[in-house]
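Structure at a glance
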Amino acid sequence: LGSIRTVCGFTAEDRELKRFSDNIVEAKKAGEKKGIFSGVSQGFMMFTIFCTYGLAFWFGVWLVVNNVYNSSAGRTYTGGDTITIFFALLIAAFHIGQAGPYFPAILAARAAGYSIFQICERKSAIDVFDESGETIPDLKGCIEFKDVHFDYPNRKDAKILRGVSFTVDAGKKVA
């Protein structure tokens, strides 16, 4: 909607409406597929979580009932030990899950960092300390544009610059 003035300026409302109508059908199908996938994924995740809870409590009860020795505490496991371990693992898993959305950004940053280090470590073809070559002492000049024409490649009919000419003297600013 932010570009509606541009669309109206080119009298392209009918074309954009048709394009929108065609794309909305595809978007609806994609949304339905995404919804089904999201629902199945959420259901599987909750199933896994509750099965893990059941397994953890079953194993904790097994440790208590069979008087398994807890070498860290110097005694057999108790119900309190089971609850403590369960919640410690639950909180750890929760925090690892909270960090999950940031993993793609971390991987992208690592890849970008690799590229940046490659650029920084490559040897330049230009030796900045080489003093050979021609130097022009006291270069002072101006910039001059003569008869400049410009249009965008996809809109040849709309000329942006038509024979523009101007001069910018040395040390001057032009807005």
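Residues numbered from 1 in each chain as written. Predicted model: local features only at pLDDT ≥ 70, side-chain atom pairs only at ≥ 80, totals over all residues. Heavy atoms only, no water.

This part is about the overall build of the protein. When helices and strands are counted, the protein shows 4 helices and 4 strands. Seen in sequence order, the protein has helices and strands lined up from the N terminus as α-α-β-β-α-α-β-β. Taken over the C-alpha trace, the protein has a radius of gyration of 34 Å; the compact-globule value for 175 residues is 16 Å, which it surpasses by more than 25%. Entry remark: accessible area of the protein is about 15,900 Å², with carbon and sulfur atoms responsible for 64%. Averaging the coordinates of the 20 positive side-chain charges in the protein and doing the same for the 18 negative ones gives two points 8 Å apart. (Helix = DSSP H or I, 4+ residues; strand = E, 2+ residues; numbered from the N terminus. Rg over C-alpha atoms; globule rule 2.2 N^0.38 Å. Areas by Shrake-Rupley, 256 points an atom, 1.4 Å probe, with all protein chains shown as cover. Lys, Arg positive; Asp, Glu negative; His and termini not counted. Charge placed at Lys NZ, Arg CZ, Asp CG, Glu CD.)

Further remarks concern the side chain of Asn70. Residue position: Asn70 is located in strand E1 (residues 69-70). Apart from the residues within four sequence positions on either side, Asn70 is in contact with Arg75, Thr76, Tyr77 and Asp81. (Contact = heavy atoms within 4.5 Å.)

A separate point is the side chain of Thr82. In this structure, Thr82 sits in helix H3 (residues 79-99). Those residues within four positions of Thr82 in sequence are excluded, and the remaining contacts are Phe57, Gly60 and Val64.

Here we take up the environment of Ala112. Its place among the elements puts Ala112 in helix H4 (residues 103-121). As for Ala112 and Leu63, which are separated by 49 residues in sequence, their C-alpha atoms are 49 Å apart.

With their axes 9 Å apart at the nearest point, helix H2 (residues 13-65) and H3 run at an angle of 150° to one another. The orientation of H2 relative to H3 falls into the category roughly antiparallel. Crossing of H2 over H3 shows right-handed handedness. Residues Tyr53, Ala56, Phe57, Gly60 and Val64 of H2 form the contact with H3, whose own contacting residues are Gly79, Thr82, Ile83, Phe86 and Leu90. Split into classes, the residues belonging to the contact of H2 with H3 amount to 7 nonpolar, 3 polar and no charged. (Axes fitted to C-alpha atoms, helices over the stretch in contact; angles between N-to-C directions. Parallel < 35°, antiparallel > 145°, perpendicular 65-115°, else oblique. Left-handed = near helix turned anticlockwise from the far one by under 90°. Nonpolar A, V, L, I, M, F, W, Y, C, P; charged D, E, K, R; others polar.)

Moving on to H2. With 53 residues, H2 should cover 78 Å at 1.5 Å per step; its first-to-last C-alpha distance of 75 Å lies within 8% of that length. Remark: Asn67 follows H2 within two positions and exhibits a positive phi of approximately 50°. (Expected span 1.5 Å × (residues − 1).)

On inspection of all chains with the given rule, the structure shows 6 salt bridges. A salt bridge links Glu16 to Arg19; its shortest N-O distance comes to 2.8 Å. A residue pair is termed a helical-turn pair when its members lie 3 or 4 positions apart in one helix, as Glu16 and Arg19 do in helix H2 at 3 residues. In this structure Arg19 comes out as partly exposed when scored by relative accessible area, which is 48%. Arg75 is the partner of Asp81 in a salt bridge, and the nearest nitrogen-oxygen pair spans 2.8 Å. In this structure Asp81 comes out as buried when scored by relative accessible area, which is 13%. Each of Arg15, Glu16 and Arg19 takes part in salt bridges that share partners, so that together they form one network. (Salt bridge = Lys/Arg side-chain N within 4 Å of Asp/Glu carboxyl O. Buried < 20%, exposed > 50% of the residue type's maximum accessible area, 1.4 Å probe, protein only.)

Right, let's talk about H3 for a bit. With 21 residues, H3 extends 31 Å from end C-alpha to end C-alpha; this agrees with the ideal 30 Å at 1.5 Å per step. Within H3, burial applies to Asp81, Thr82 and Phe86. All buried residues of H3 project into a common sector of 130° when viewed along the axis, lining one side. Exposed positions of H3 whose direction lies more than 90 degrees from the buried face are Thr84 and His95. In this structure, the buried residues of H3 make contact with H2, E1 and strand E2 (75-76). (Arc of directions from axis to C-beta.)

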